[in-house]
Amino acid sequence: MTTVLKASGLTVERSDGASIIEDVSLSLERGEVMGIVGESGSGKSTLALALLAYARHGVRIAGGAVRVADTDMLELDPASLRKARREVVAYVAQDPGAALNPMLTLGTLLTEGLAGGKAEKVTRAREILRKVGLPDDEAFLQRRPRQLSGGQQQRIAIAMAVIAQPKLIILDEPTTGLDVSTRAKVLDLIRQLCISDNLTAIYVSHDLAVIANVADHVTVMYGGQVVEQGPMQEILATPRHPYTRALLDAVPSLQARQALRPIRGRVPAVGEAPDGCIFSDRCDYAVEACNTRPALRLVGGTQVRCVRPELGETFGVRPQAVGHSDGQVANSSAVLQANGVNAFYGYRQILFDVSLKVEPGRCLAVVGESGSGKSTLSRCLIGLHGNVTGEFRLDGKPLPLTVGQRDQYARQRLQYIFQNPNASLNPRRTIGASLAAALANRPEADSRPGAVIAEALERVGISPDLGTRYPAELSGGQRQRVAIARALVANPAVLLCDEVTSSLDVSVQASVIELLRSLLADGLGMLFVTHDLAVVRNIADTVAVLSAGRVVEQGEAHKVLGTPSHPYTQSLLANTLQLPTEAADLDMPVIAPRQSAAGSR
Amino acid sequence: MTVENQSDNATIGVFSRLQPLLARVSQGAMTLLAVSLLIFLAARALPGDVANMILGQSATQEQLDLLRTQLGLDQPLWWQYLVWLGGILRGDWGTSLSNGQPVADLLALGVRNSATLSGVALAIMLPLSLLVGVIAAQFRDGFVDKVFLGMSMVANAVPDFVTGTVLVALFATTVLHVLPAVSFIPPGDSPFSYPDALVLPATTVIIPGVMYLARLVRVAVIDVMATEYIQTAELKGLSPSRILFRHALPNAVAPIIPAASLVAAFTVGGVVVVEYLFAYPGVGSALVDAVTNRDLPVIQANVLVIASAYFIFNLIADSLAQRDETAGQRPSKT
Amino acid sequence: MEMTLHQRVRQRPASGWWRLWASTQVRWGVILLVAMTALVVVGPFLAPYDPAAPVGKPYDAPSASAWLGTDNLGRDVLSRVLSGGVYLAWMAPVSALLSVVIGAAVALVTAYYRGWTDLVLMRSLDVLLAFPGILLTLLCVSVFGPQPVLLVGLVVLTLMPGVARVIRGAALPLLDREYVLWAKAVGTPGPVIILRELLPNVSSPLLVELGLRLSWSVGILSSMSFIGYGIQPPAADWGLMVSENGTGLGTQPFAVLAPILMIVLYTIGGGLIAEGAARVMARTEGKA
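Residues numbered from 1 in each chain as written. Chains lettered and ligands numbered in written order. Predicted model: local features only at pLDDT ≥ 70, side-chain atom pairs only at ≥ 80, totals over all residues. Heavy atoms only, no water.

**Considering the overall build of chain C**
Check the secondary structure of chain C and you find 13 helices and 0 strands. Taken from the N to the C terminus, the helices and strands of chain C come in the order α-α-α-α-α-α-α-α-α-α-α-α-α. In terms of its C-alpha atoms, chain C occupies a principal-axis envelope of roughly 75 × 50 × 30 Å. Across the 288 residues that make up chain C, the buried fraction comes to 54%. At a minimum sequence separation of 6, the contacts of chain C that also span at least 24 residues come to 74%. Summing over all exposed atoms, chain C offers an accessible surface of approximately 11900 Å²; the carbon and sulfur share of this is 72%. Placing the 19 positive and 15 negative side-chain charges of chain C at their respective mean positions leaves the two points 10 Å apart. (Helix = DSSP H or I, 4+ residues; strand = E, 2+ residues; numbered from the N terminus. Buried < 20%, exposed > 50% of the residue type's maximum accessible area, 1.4 Å probe, protein only. Contact = heavy atoms within 4.5 Å. Areas by Shrake-Rupley, 256 points an atom, 1.4 Å probe, with all protein chains shown as cover. Lys, Arg positive; Asp, Glu negative; His and termini not counted. Charge placed at Lys NZ, Arg CZ, Asp CG, Glu CD.)

Rendered as structure tokens:
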């Protein structure tokens with residue numbers, strides 16, 4: 001065993017002296033893969049870049065040492081540092097679409113850092129292209145990045161990193177933007193390269209399931225600090241830091257519908273961390289002693305930054321499984337129905353004969369990968385997609401296809417919540433004004449708008465005092481809640497949710513899912529568009545699987561996910577990553593959903 | 001999947017790329033036609049009877065009528081327009097009403113002088129703005145950058161004749177006396193024989209152009225340097241010069257090329273004022289004189305020439321912008 | 001970077017126009033323009049002499065009686081400078097304002113409603129853009145004479161298409177923003193969406209355009225005076241003064257430099273506003 005990476009006391013500061021990461025130490029043997037996991041704002045990407053002795057504009061590496069093989073990365077002069085980045089450490093960025101220069105050919109991108117003659121470089125490029133499963137002909141080498149699909153681009157980025165056979169490769173969320181099946185293939189490639197080339201790698205991700213599937217060791221980051229570090233299995237089995245525990249509890253499981261435990265509060269901003277333990281203000285186990293900052297110490301097989309590491313043994317069982325909502329399933333009729341919907345973009349057909357229905361108090365999940373037409377479907381239902389044929393029914397009565405033809409009542413009954421919380425609220429209006437505008441559209445204008453708005457905000461867990469704030473002053477999760485509150489103000493019957501949790505951190509996602517579940521319990525009907533089967537498992541009562549514009553499988557959630565009949569559903573399920581420990585949790589009691597006569601077909 | 005789609009695109013690529021260009025050219029030809037009609041009508045609407053103007057107040061009615069028939073002024077307006085247009089296409093631009101010389105000859109002189117002035121100005125302006133912009137970007141938020149930003153704000157706000165007059169005061173009449181305040185170039189001589197007469201007019205055009213373009217270069221370079229692919233290039237251990245010249249500039253220059261053509265168009269349009277200021281014998285000053293003299297054929301010819309040049313640069317700008325949008329998706333040279 | 005609520009409240013990102021006022025450059029630009037306008041309005045009353053009457057020899061150097069000397073006809077330069085901005089002071093702001101208002105209205109309405117009117121309107125604006133404004137102005141002025149209202153109309157015609165293009169460019173991406181889609185989905189009428197959702201979100205580019213077009217209005221109008229097709233002698237006008245006294249630049253530079261200074265100050269006012277607004281815009285875009 002040779003130590004490939006030894007980082008110690010690494011600290012990165014903003015120009016005003018506030019630290020973004022603080023006193024981070026890592027150590028990695030040859031052939032090992034270390035996962036670095038954390039939510040947004042945890043400093044994980046800053047750490048990844050610091051390992052290459054790189055700091056973004058306005059940020060500097062203030063202290064510590066990074067030793068890769070025999071190279072002291074932080075002690076090098078610029079020329080040697082460039083040499084080290086060419087030969088010793090390589091980096092793969094999150095978004096290959098942005099990280100590959102659009103003006104250069106793949107051949108140039110792959111070989112520009114290499115020494116040697118032209119012929120030799122081309123040979124190497126072809127070799128590496130074969131290795132990452134791409135064509136190796138001359139025409140392909142002459143392509144430019146934008147002529148490739150997302151998965152191919154990421155393969156190129158990986159090829160670019162490994163072509164010089166570096167000692168260490170740093171992967172910064174390399175699969176985050178990819179579809180489930182593409183992600184599985186890219187992850188396979190990474191695992192395979194790790195084995196065949198005996199790669200030593202750092203794998204940064206916000207997704208514990210991904211980390212669990214590739215890494216031997218894991219470092220959990222929170223607020224710029226390492227809170228827990230150790231062997232993967234050990235940490236999954238006995239998380240000792242309350243944050244690790246909370247993170248695990250917030251991850252929805254594919255196996256069972258569970259109560260998700262959101263983490264209250266929010267990640268401290270740079271320079272705003274509490275004085276003591278950095279997690280203390282959000283921790284359910286905080287005691288007096290947590291007011292002084294704990295050091296990282298070895299407990300069992302893991303390093304933990306907590307004064308009460310023994311808690312790990314007593315955190316209690318994994319979250320409880322919960323049943324489905326108690327909507328009046330058996331005797332309710334569909335509140336929203338779509339029959340034989342076809343939709344087009346120009347002459348291209350996007351949706352083919354799609355039929356589905358939403359029942360009050362129940363959630364229909366529409367599952368599909370990008371390009372499956374799932375977003376078009378929800379746009380059709382809300383009436384924003386003009387080029388559509390078929391039939392919609394709301395409360396049993398025919399619903400016009402486009403929003404212009406619908407009456408105000410119908411527009412109120414259907415409410416839409418968007419994927420991107422950053423753009424769903426007008427940035428130039430206070431959230432109170434945004435909600436008031438929603439109320440103004442209600443035909444029976446309320447005599448006490450203030451009270452209605454306050455009520456809606458409280459329902460989604462936002463203090464009505466925040467009504468005077470602008471969206472930029474709220475966090476992503478808060479904005480998504482406000483968007484939900486704006487929908488509630490209209491007193492709707494059906495919520496159409498388009499990937500509403502996919503841009504949120506897992507702990508925030510947990511809280512939004514819990515909120516949506518409670519709205520279901522209130523009797524709202526819901527259509528939930530998503531690509532994430534674990535989320536589906538945790539919120540949906542019925543599922544429609546959409547592939548290339550067609551519904552390939554539809555039915556009760558536990559049936560579709562438990563015993564999928566269509567090969568596409570099966571491959572989606574097979575490619576969905578989950579935490580390995582969940583296999584052990586299978587014997588956990590699951591409250592069986594009530595059998596219902598009103599299935600979704 | 002993408003692979004097949006792309007090769008399909010490559011085969012139809014030639015057509016799909018030519019089509020917008022053809023559409024643009026034909027659209028531009030229509031625009032020029034509309035412009036020519038506008039010029040024709042505007043010139044006709046000028047107060048004063050042409051025949052009267054040529055023959056003077058003492059002419060008899062018969063003489064006037066005869067001349068009108070000779071000039072075709074008794075024909076319907078649309079016929080006169082077609083005759084005029086046909087003449088222009090054949091190279092017959094008519095004769096000047098003020099000095100009786102063929103318009104084509106006068107125009108040739110003016111065009112040569114104006115083209116020289118604009119050409120010299122552009123040849124200096126474009127590389128200079130690239131240089132200034134890159135330097136300002138390198139020293140972003142520093143002293144050099146701030147000075148540049150302040151200067152460019154002033155230079156872009158202030159009209160050309162003000163810049164020119166200040167230059168005259170500085171270098172010709174008031175402070176230093178090193179350059180001529182008036183660009184005297186005898187008819188028929190090349191402007192290059194009188195380089196000192198070119199300096200001030202060219203500088204007057206160059207200053208606002210450089211200040212405008214360099215600003216765009218600066219922003220483009222800063223934007224590109226902040227992209228992930230530049231970060232990737234740095235993390236690949238490439239040299240700063242390779243990053244700047246191979247990775248950053250091609251991406252930064254792309255959005256600037258259309259703007260540069262637009263500046264070229266503005267330069268042509270702005271030539272009127274600058275030439276008048278320095279009494280530089282080009283199409284611009286010829287136009288101002290012709291308007292003063294109500295010299296119809298000369299007005300028409302000069303306006304048409306300036307409008308065409310302006311239009312050509314606009315066309316270039318548009319098609320470059322178009323090309324820029326599809327850059328990266330272009331089938332490669334195989 | 002994320003900020004805590006506490007920090008955010010302290011530096012409230014005030015909405016729309018107030019956000020722009022927070023820019024130092026915008027503030028200085030406005031102050032400069034207000035001061036210049038005040039000077040132009042009060043100027044004629046402060047003028048020591050009749051701006052049209054000779055008070056001495058041509059091109060007299062500055063003296064106790066004529067602080068800035070005399071011009072080519074022996075008139076008092078100071079009096080002429082003080083009186084020489086009246087036309088500009090109303091024509092430039094009116095042209096700029098009209099260009100921006102009409103341009104923005106055309107841009108927002110066509111961008112929102114699309115369809116064939118959009119196509120026709122934008123195409124005709126392209127034609128206007130393809131014709132150098134100075135030629136149009138020269139032609140029209142030579143036909144109809146240099147009437148102020150005509151000049152304003154021509155400046156608007158010259159500047160408005162550019163404004164429409166910029167604002168349209170800023171508005172088009174907004175149409176795909178979720179808050180606009182949401183407003184459409186709940187049946188908000190088009191005009192309300194344009195005014196409430198689109199307009200406040202193009203406030204920065206609008207102010208950039210207003211500042212820029214104000215500078216350019218001043219530029220075009222004074223250039224027209226300068227080449228003799230704007231305000232006619234014997235009226236006092238800055239652009240005209242520069243051309244009238246050009247030959248005396250060597251002997252009596254003040255007759256040229258004083259009006260130039262006024263034009264420069266006026267245009268810089270607009271430039272500062274545009275610059276400040278552009279920076280606010282870049283900052284908010286960087287954040288988003």
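**What about the interface of chain C and chain B?**
Residue-level contacts link 38 residues of chain C with 42 residues of chain B. Our count for the chain C to chain B interface comes out at 1 salt bridge. For Glu-275 of chain C, the salt bridge goes to Arg-215 of chain B, with nearest N and O atoms at 2.6 Å. When residues of the side of chain C that touches chain B are traced back to their parent elements, those giving at least two are α6 (115-129), α7 (133-144), α11 (203-226), α12 (238-244) and α13 (254-287) of chain C. No other element matches α13 of chain C, which puts 11 residues into the side of chain C that touches chain B. (Salt bridge = Lys/Arg side-chain N within 4 Å of Asp/Glu carboxyl O.)

**Description of unusual backbone geometry**
All names here are of chain A. We note that Asp-353 has phi near 50°; this positive angle belongs to a residue other than glycine. Inspection of the secondary structure puts Asp-353 in strand β14 (residues 348-358). Even without being a glycine, Glu-499 presents a positive backbone phi close to 50°. By the secondary structure assignment, Glu-499 is in the loop between β19 (494-498) and α17 (506-521).

**Looking at the nonpolar core**
Of all hydrophobic cores here, the largest spans 315 residues; its most connected members are Leu-516 of chain A together with Trp-238 of chain C. Looking at this core element by element, the count peaks at 15 residues for helix α8 (residues 195-225) of chain B. The residues contacting Leu-516 of chain A, other than those within four sequence positions of it, are Ile-484, Cys-497, Val-500, Met-526, Phe-528 and Ile-539 of chain A. Core analysis: the next-biggest nonpolar cluster, separate from the first, contains 36 residues, Leu-5, Ala-7, Leu-47 and Leu-49 of chain A among them. (Core = buried A, V, L, I, M, F, W, Y, C linked by side-chain atoms within 4.5 Å.)

**Description of the packing of aromatic side chains**
Considering all chains together, one arrives at 11 aromatic pairs over all chains under this definition. Centre to centre, the rings of Tyr-222 of chain A and Tyr-243 of chain A are 4.5 Å apart; their planes meet at 50°, and the pair counts as tilted. With Tyr-222 of chain A in strand β9 (residues 217-222) and Tyr-243 of chain A in helix α11 (residues 242-250), this residue pair connects regions lying 21 residues apart in the sequence. By relative accessible area, which is 0% here, Tyr-243 of chain A ends up buried. Judged by centre distance (4.5 Å) and plane angle (15°), the rings of Phe-161 of chain B and Phe-226 of chain C are stacked. Here the residue Phe-161 of chain B occupies a position in helix α7 (residues 160-173), and Phe-226 of chain C occupies one in helix α11, the pair thus bridging two chains. Of the two residues, Phe-161 of chain B and Phe-226 of chain C, both sit in the buried class. The aromatic ring of Trp-182 of chain C is capped on one face by Arg-486 of chain A, whose charged end is 4.0 Å from the ring centroid. We note Arg-550 of chain A situated over the ring of Phe-352 of chain A; from NZ or CZ to the ring centre the distance is 4.0 Å. (Phe/Tyr/Trp six-rings, centres within 6.5 Å; stacked < 30°, edge-to-face > 60°. Lys NZ or Arg CZ within 6 Å of the ring centre and 35° of its normal.)

**Focus: the sheet that holds strand β15 (residues 363-367) of chain A**
Residues and elements named next belong to chain A. Pairing is mixed across the open sheet formed by 6 strands, whose spatial order is β18-β19-β20-β15-β21-β22. Looking along the sheet, the strands with just one partner apiece sit at the ends: β18 (414-417) and β22 (550-556). The average angle at which neighbouring strand axes cross in this sheet is 15°, direction not considered. The sheet strands contacting helix α12 (residues 374-382) are β15, β18, β19, β20 (525-530) and β21 (542-547), and the helix crosses β18 at an angle near 145°. Of the strands in this sheet, β15, β21 and β22 touch helix α20 (residues 567-575), which is tilted by about 100° from β21. (Pairing = 2+ DSSP bridges. Axes fitted to C-alpha atoms, helices over the stretch in contact; angles between N-to-C directions.)

**Description of the environment of Ala-493 of chain A**
Residues and elements named next belong to chain A. Its place among the elements puts Ala-493 in the loop between α16 (476-489) and β19. Ala-493 gets classed as buried once you look at its relative accessible area, which sits at 11%. Leave out the neighbours within four places in its chain, and Ala-493 touches Val-335, Arg-413, Leu-524 and Gly-525.

**Quick notes on helix α3 (residues 24-46) of chain C**
Residue and element names in this part refer to chain C. For α3, with 23 residues, the first-to-last C-alpha span of 31 Å sits near the 33 Å given by 1.5 Å per residue. A maximum bend of about 30° is found in α3 at Val-40, where proline Pro-44 lies one to four positions downstream. Within the span of α3, buried status applies to Val-26, Gly-29, Leu-33, Met-36, Val-40 and Gly-43. (Expected span 1.5 Å × (residues − 1). Bend = angle between axes of the 7 residues up to and from the residue.)

**Comments concerning the side chain of Asn-101 of chain A**
Tracing the backbone through its elements, the reader meets Asn-101 of chain A in the loop between α3 (96-99) and α4 (106-111). Exposure remark for Asn-101 of chain A: the relative accessible area of 1% places this residue in the buried category. Polar side-chain contacts of Asn-101 of chain A include one of 3.1 Å to the backbone oxygen of His-247 of chain B. Ignoring any residue separated from it by four or fewer positions in sequence, one finds Asn-101 of chain A in contact with Leu-109 and Pro-145 of chain A together with Tyr-229, His-247 and Asn-251 of chain B. (Polar contact = N/O pair within 3.5 Å; in protein donor to acceptor, adjacent residues only side chain to side chain.)

**What about the packing of helix α5 (residues 86-113) of chain C against helix α8 (residues 148-171) of chain C?**
Residues and elements named next belong to chain C. Axis separation between α5 and α8 bottoms out at 6 Å; the angle between their running directions is 40°. Note on packing geometry: the crossing formed by α5 with α8 is right-handed. When the residues that make up the contact of α5 with α8 are grouped by side-chain class, the tally is 22 nonpolar, 4 polar and 1 charged. (Left-handed = near helix turned anticlockwise from the far one by under 90°. Nonpolar A, V, L, I, M, F, W, Y, C, P; charged D, E, K, R; others polar.)

**Let's talk about the sheet that holds strand β11 (residues 297-299) of chain A**
Residues and elements named next belong to chain A. Taken in spatial order, the 8 strands line up as β6-β7-β8-β3-β9-β10-β12-β11 in an open sheet, and their pairing is mixed. Single-partner strands in this sheet number two, and they are β6 (89-92) and β11. The average undirected angle you get between the axes of adjacent strands in this sheet is 20°. When β6 meets strand β7 (residues 168-172), the two strands line up parallel, connected through 4 bridges. Within β7, the position partnered with Ala-90 by the bridge is Ile-169. Across the face of the sheet, helix α7 (residues 150-162) comes into contact with β6 and β7 while running at roughly 175° to β6.

**Observations regarding the pattern of salt bridges**
Applying the stated criterion to the full structure yields 31 salt bridges over all chains. Put simply, Arg-218 of chain B and Asp-145 of chain B hold a salt bridge, and the shortest N to O gap is 2.7 Å. On the criterion of sequence distance, the pair formed by Arg-218 of chain B in helix α8 and Asp-145 of chain B in helix α6 (residues 143-157) is long-range, its members being 73 residues apart. Of the two residues examined, Arg-218 of chain B and Asp-145 of chain B, each falls in the buried class. For Glu-244 of chain C, the salt bridge identified is with Arg-75 of chain C, shortest N-O distance 3.7 Å. Here Arg-75 of chain C lies in the loop between α3 and α4 (77-83) and Glu-244 of chain C lies in helix α12, a separation of 169 residues in the sequence. Judged by relative accessible area, which is 16%, Glu-244 of chain C ranks as buried. In this structure Arg-75 of chain C comes out as buried when scored by relative accessible area, which is 4%. Through salt bridges with shared partners, a single network forms among Asp-71, Arg-75, Arg-80 and Glu-244 of chain C.

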